[in-house]
Amino acid sequence: MKKLINSPDTVITDALRGIASAHPELTVDIENRVIARAEKVPDKVGLVSGGGSGHEPLHGGYVGHGMLDAAAPGEVYTSPVPDQILLATQAADSGAGVLHIVKNYTGDVLNFRMAAELAEDDDIRVVSVVTNDDVAVEDSTFTAGRRGTGGTIVVEKVAGAAATEGADLDTVARIATEANERSRSFGIALKAGTVPAAGKPGFELAEDEIEFGVGIHGEPGRERGKLAPLHELVGYALDAIHADLPVDGDVLVIVNGHGGTPLIELYGAFAEAVAWIEGHGARVARNLVGNYITSLDQEGFSITVTLLTDELTRLWDAPVSTPALRWGM
Amino acid sequence: MKKLINSPDTVITDALRGIASAHPELTVDIENRVIARAEKVPDKVGLVSGGGSGHEPLHGGYVGHGMLDAAAPGEVYTSPVPDQILLATQAADSGAGVLHIVKNYTGDVLNFRMAAELAEDDDIRVVSVVTNDDVAVEDSTFTAGRRGTGGTIVVEKVAGAAATEGADLDTVARIATEANERSRSFGIALKAGTVPAAGKPGFELAEDEIEFGVGIHGEPGRERGKLAPLHELVGYALDAIHADLPVDGDVLVIVNGHGGTPLIELYGAFAEAVAWIEGHGARVARNLVGNYITSLDQEGFSITVTLLTDELTRLWDAPVSTPALRWGM
Amino acid sequence: MIFDTQRAIAWINRIAELVRADVERLTTLDTAIGDGDHGANLDRGMTAAVDALAEKEPETPGKVLITAGRGLVSKTGGASGPLYGSGFRAAGKAMRDEGDVVALSDALEAMLRAIEELGGAHHEDKTMVDAFAPAVAAFQQAAGATADMHTAAVAAAEAAEAGLAATVPLQARKGRASYLGPRSVGHEDPGAASTVLIFRALADVTAE
Amino acid sequence: MIFDTQRAIAWINRIAELVRADVERLTTLDTAIGDGDHGANLDRGMTAAVDALAEKEPETPGKVLITAGRGLVSKTGGASGPLYGSGFRAAGKAMRDEGDVVALSDALEAMLRAIEELGGAHHEDKTMVDAFAPAVAAFQQAAGATADMHTAAVAAAEAAEAGLAATVPLQARKGRASYLGPRSVGHEDPGAASTVLIFRALADVTAE
Ligand SMILES: Nc1ncnc2c1ncn2[C@@H]1O[C@H](COP(=O)(O)OP(=O)(O)O)[C@@H](O)[C@H]1O
Ligand SMILES: Nc1ncnc2c1ncn2[C@@H]1O[C@H](COP(=O)(O)OP(=O)(O)O)[C@@H](O)[C@H]1O
Ligand SMILES: [Mg+2]
Ligand SMILES: [Mg+2]
Ligand SMILES: [Mg+2]
Ligand SMILES: [Mg+2]
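Reading guide: rules and limits
- Residues numbered from 1 in each chain as written.
- Chains lettered and ligands numbered in written order.
- Predicted model: local features only at pLDDT ≥ 70, side-chain atom pairs only at ≥ 80, totals over all residues.
- Heavy atoms only, no water.
- Salt bridge = Lys/Arg side-chain N within 4 Å of Asp/Glu carboxyl O.
- Helix = DSSP H or I, 4+ residues; strand = E, 2+ residues; numbered from the N terminus.
- Buried < 20%, exposed > 50% of the residue type's maximum accessible area, 1.4 Å probe, protein only.
- Least-squares fit on C-alpha atoms with pLDDT ≥ 70 in both.
- Near = heavy atom within 4 Å.
- Polar contact = N/O pair within 3.5 Å; in protein donor to acceptor, adjacent residues only side chain to side chain.
- Areas by Shrake-Rupley, 256 points an atom, 1.4 Å probe, with all protein chains shown as cover.
- Nonpolar A, V, L, I, M, F, W, Y, C, P; charged D, E, K, R; others polar.
- Phe/Tyr/Trp six-rings, centres within 6.5 Å; stacked < 30°, edge-to-face > 60°.

Caption draft 1: Seen up close, the pattern of salt bridges. Throughout the structure, instances matching the rule amount to 70 salt bridges over all chains. The salt bridge partner of C:R44 is A:E75, with a shortest N-O separation of 3.9 Å. You can see C:R44 sitting in helix α3 (residues 38-55) and its partner A:E75 sitting in strand β4 (residues 70-76), one on each of two chains. With relative accessibility at 27%, the residue A:E75 sits in the partly exposed group. The salt bridge involving B:R314 is made with B:E165; its shortest N-O contact spans 2.1 Å. Of this pair, B:R314 sits in helix α8 (residues 310-317) while B:E165 sits in helix α4 (residues 151-165); the two residues are 149 residues apart in sequence, bridging distant segments of the chain. Residue class for B:R314 comes out partly exposed when judged on its relative accessible area of 42%. Each member of the salt-bridge network shares a partner with another, and the members are A:E209, A:E211, A:R224 and C:R183.

Listed below in structure tokens is the structure:
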């Protein structure tokens, strides 16, 4: 394993030290692992998210004006613990209640649930929205359900904008829920990332093999297939999304790199996504192309499609100023 | 070779199609390979840069308010051709003259020089500033001299800000020159990137080997060495910079990923850079941490240090709105 | 034999030892059908549990288990942290001070119920429940038949082991392995494997 | 033998063929001490030169070389594009219509001067100049001795070949290879290798 690290044990602490130095507008509690806005916004609904580390810039990179108030980064690919989420919740709370944005993984859901219970002991009202946009996993009440992946960014952005506008907790939660319900994602990996503590990649692929339907934790996908030209891969991903939620009207598209894939390839993927979507009579009204929710050094990409409404478009366009997303101010 | 591409021949066209769709505020001439601002700014000194592709977001990602007016992306790792640079120069010209920001590679220098001659036939006044911030290469009048790497971003940013303020061509060129002279960079690679047309990495390294002093074209560095803890690697890079231009006062630090290295590691590297610099009595007043000048999917990082002046700090802080750099508006 | 404070502490310490010894195996199992952190998670969590007990030694076996559970919850993360953590806390709350085999049996049952309730996993969902449920059943049965804590614990460990083996052909319906769909078949569930360690540790500390 | 329009076109076409056949070798050489694009660059540039000639056939050998040079400049990119492109343009401007061996010799010398002036490379900087300069000298000498174009071209190709071999032990001082410092030693210079092809092509098209 070749990584730019001091040791597998210090990866997260070192990154948090870097985030703290790079972004003086954030307060980083390195010991307890909480990244929060340096200044509380009075009377605003607080937004908290968190999850395993290794997905940078998610979530710490989305803390700031117009988006999250605090983030709780766990160990690499491991959900944070309740105490930590509680601290983030306290940091985010200014009396108007706190929204927990939780990606749908058993560990995240359980740890956030416990934290919410602890917060209620503190008289902080917490509502949780669980994101589950990944169509690679079959959705069923008998299973753990779908994973939360790229759609989480959309949820954090529009919920953050709503809270910044002054919406109350229920409204913010309603908007977050709607953004999640209107978002779908699908990921394809060419090479698995390596968890520092594990020292070897999550899976091994032959030179011509790729994984279809991967999540964001270096796990294998729903099937293994052959490398194909980019337009076929993009078509595969969008077919899967379209089969679940027809792509129609104005859409937001995120072409997201897994961490080890260069931007030149992501722009190529976006070009194919636009061609596919326009070919299906819909319109790419908004977009993001880059590394927004990663899997360490994994090579691959995911596509997220959100069916926009006027409200979601307005909230997406609202000013945001965080380390990883910045516009309008 | 595993890449998200349609074919090695279409990589650049596909990426340009993606850039065109993703950024309606830019005009992308796909056939002639010119990325320009959709609207000319009257009476402003025009800024043009360009170079081989494979370094995204450089340079197309820096076209926009407060930075470049046009960029000319060549083939992967190959300088653009004069006609193309001429078109970019014409797109950037609004009567106040055009600054060419050229990274110091023989191909770039020669092609830009020819383009400048052609532009003069069009009565466009062109001044060129050649960036050469890479301390890994010995500077000498008997050689091709140093490469232009991360310092180029600083030059493009502050020169763009000066032009936006209304400075004339000579002033913009003076500021660009000063930014270049006050900037130094050093790069370390863990794994070479793969040029799509070549199909294999620029160099092969054993599991414990790394390259010190690499440029941005997948070429080997000035020496091969052993993988070491991050703080040692950062120390090596900063020692090399410091030996050439003592790190002192307020500095801007860019910790830049080569394309295949995840953000969590870059933040770790930045933490070590801050520790080193503060340990040497200087202060990290401004920073960028992320993928800003890449080498396809290469794994590794570079550090750029710019010794700030009040003027440079003010120009760095000035509003900018481009695909890859955005603040203050 | 009494399941007193000392034995409760010994149990937690022994689990920590067994987990530490098997970190790599648990991680390998989790790499195959999960995200490769189960070994590290549980090692971190059990270390926290052991540390919590060392810091302020609780006075009753129940408080030992509650303290251990809190340590697990506060440091493990992942799915297994809340599940085992809440499980031990529930066991601790159910544990009666007399510490006889019936009290322990009830505590183990409470632990199982807490895990099932929090995680919502059922029989054959390919989770720790598939090892935990038969282990508790075997403990209860052996305890009823022999009233001997060690015999019951050994029976429980064996049943957990069998439950672990039985997870191999299953397709996961809960936890990360469920994302793999049919590709989750053919592997042991990592959480079921760590449950085996919990019961093996119990057998070890009740040996004499 | 006359270096007329047809022969000039044949020369350019032949260079393009030889480059196409050797793309991989040139790329491999450039991967070792450069950035691995010399083969693709020159292939693209020579294709443009050939296309430009096919599109509008020039009337004089000089105009053939100028057209080819423009094609090279406008499509090659990299260091070699402006160098060879300006070189051919200079050769074309120097070329006299009578097209005898002296005219060709003068044109080749003008080409060398243009490359040297633009690139600023000197003897033993490990560039194309190290093959081009001895080739031109050998051409001139053989032309003076025999007045035979083919003999002179063969001598030039051989001298270029020797110049290429002589680049191996050199440390590069110009172009990308210079960044490697001492590590540039032990490799042929890719531009010197393509210069050999230019003179080999000249020998081929003057064979009868
Ligand atoms: N809903 C659930 N109910 C019971 N056990 C579960 C559930 N989800 C996961 N598990 C158990 O947790 C184990 C994984 O734990 P761990 O790897 O530590 O957490 P994570 O899956 O969050 O990475 C699985 O092997 C499984 O036995
Ligand atoms: N200053 C120079 N003068 C003469 N030849 C040069 C000079 N710089 C580079 N070259 C030649 O150009 C060749 C490389 O060409 P190419 O790979 O096409 O361009 P680039 O180096 O821009 O990738 C080198 O092998 C060398 O022979
Ligand atoms: Mg996990
Ligand atoms: Mg090149
Ligand atoms: Mg796991
Ligand atoms: Mg080259």
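Caption draft 2: Expanded view of the relation of the copies chain A and chain B. For the pair chain A and chain B, the best superposition has an RMSD of 0.0 Å and corresponds to a rotation of 180° with a translation of 0.0 Å parallel to the axis. What the rotation and shift describe, once combined, is the action of a two-fold rotation axis.

Caption draft 3: Up close: the site of ligand 2. Taken together, 21 residues lie near ligand 2, and D:H38, D:A79, D:S80, D:D189 and D:G191 sit nearest. Two or more chains meet at ligand 2, and those chains are chains B and D. The side chain of D:D30 places a nitrogen or oxygen atom 3.1 Å from an oxygen atom of ligand 2. Here D:N41 contributes a side-chain N or O atom positioned 2.9 Å from an oxygen atom of ligand 2. Considering ligand 2 on its own, with 560 Å² of exposed area, one finds that the protein chains cover 97% of that surface. Listing elements by their share of the shell around ligand 2, those giving two or more residues are α3 (38-55), α5 (80-94) and α9 (190-205) of chain D. In the shell around ligand 2, the residues fall into 6 nonpolar, 9 polar and 6 charged.

Caption draft 4: Expanded view of the packing of aromatic side chains. Residue and element names in this part refer to chain B. This structure, assessed with the given rule, holds 14 aromatic pairs over all chains. Here the aromatic rings of F186 and Y236 are separated by 5.7 Å at their centres, their planes lie at 45°, and the arrangement is tilted. Of this pair, F186 sits in strand β7 (residues 183-191) while Y236 sits in helix α6 (residues 230-244), placing them 50 residues apart in sequence. Relative accessible area serves as the criterion here: at 1%, F186 is assigned to the buried category.

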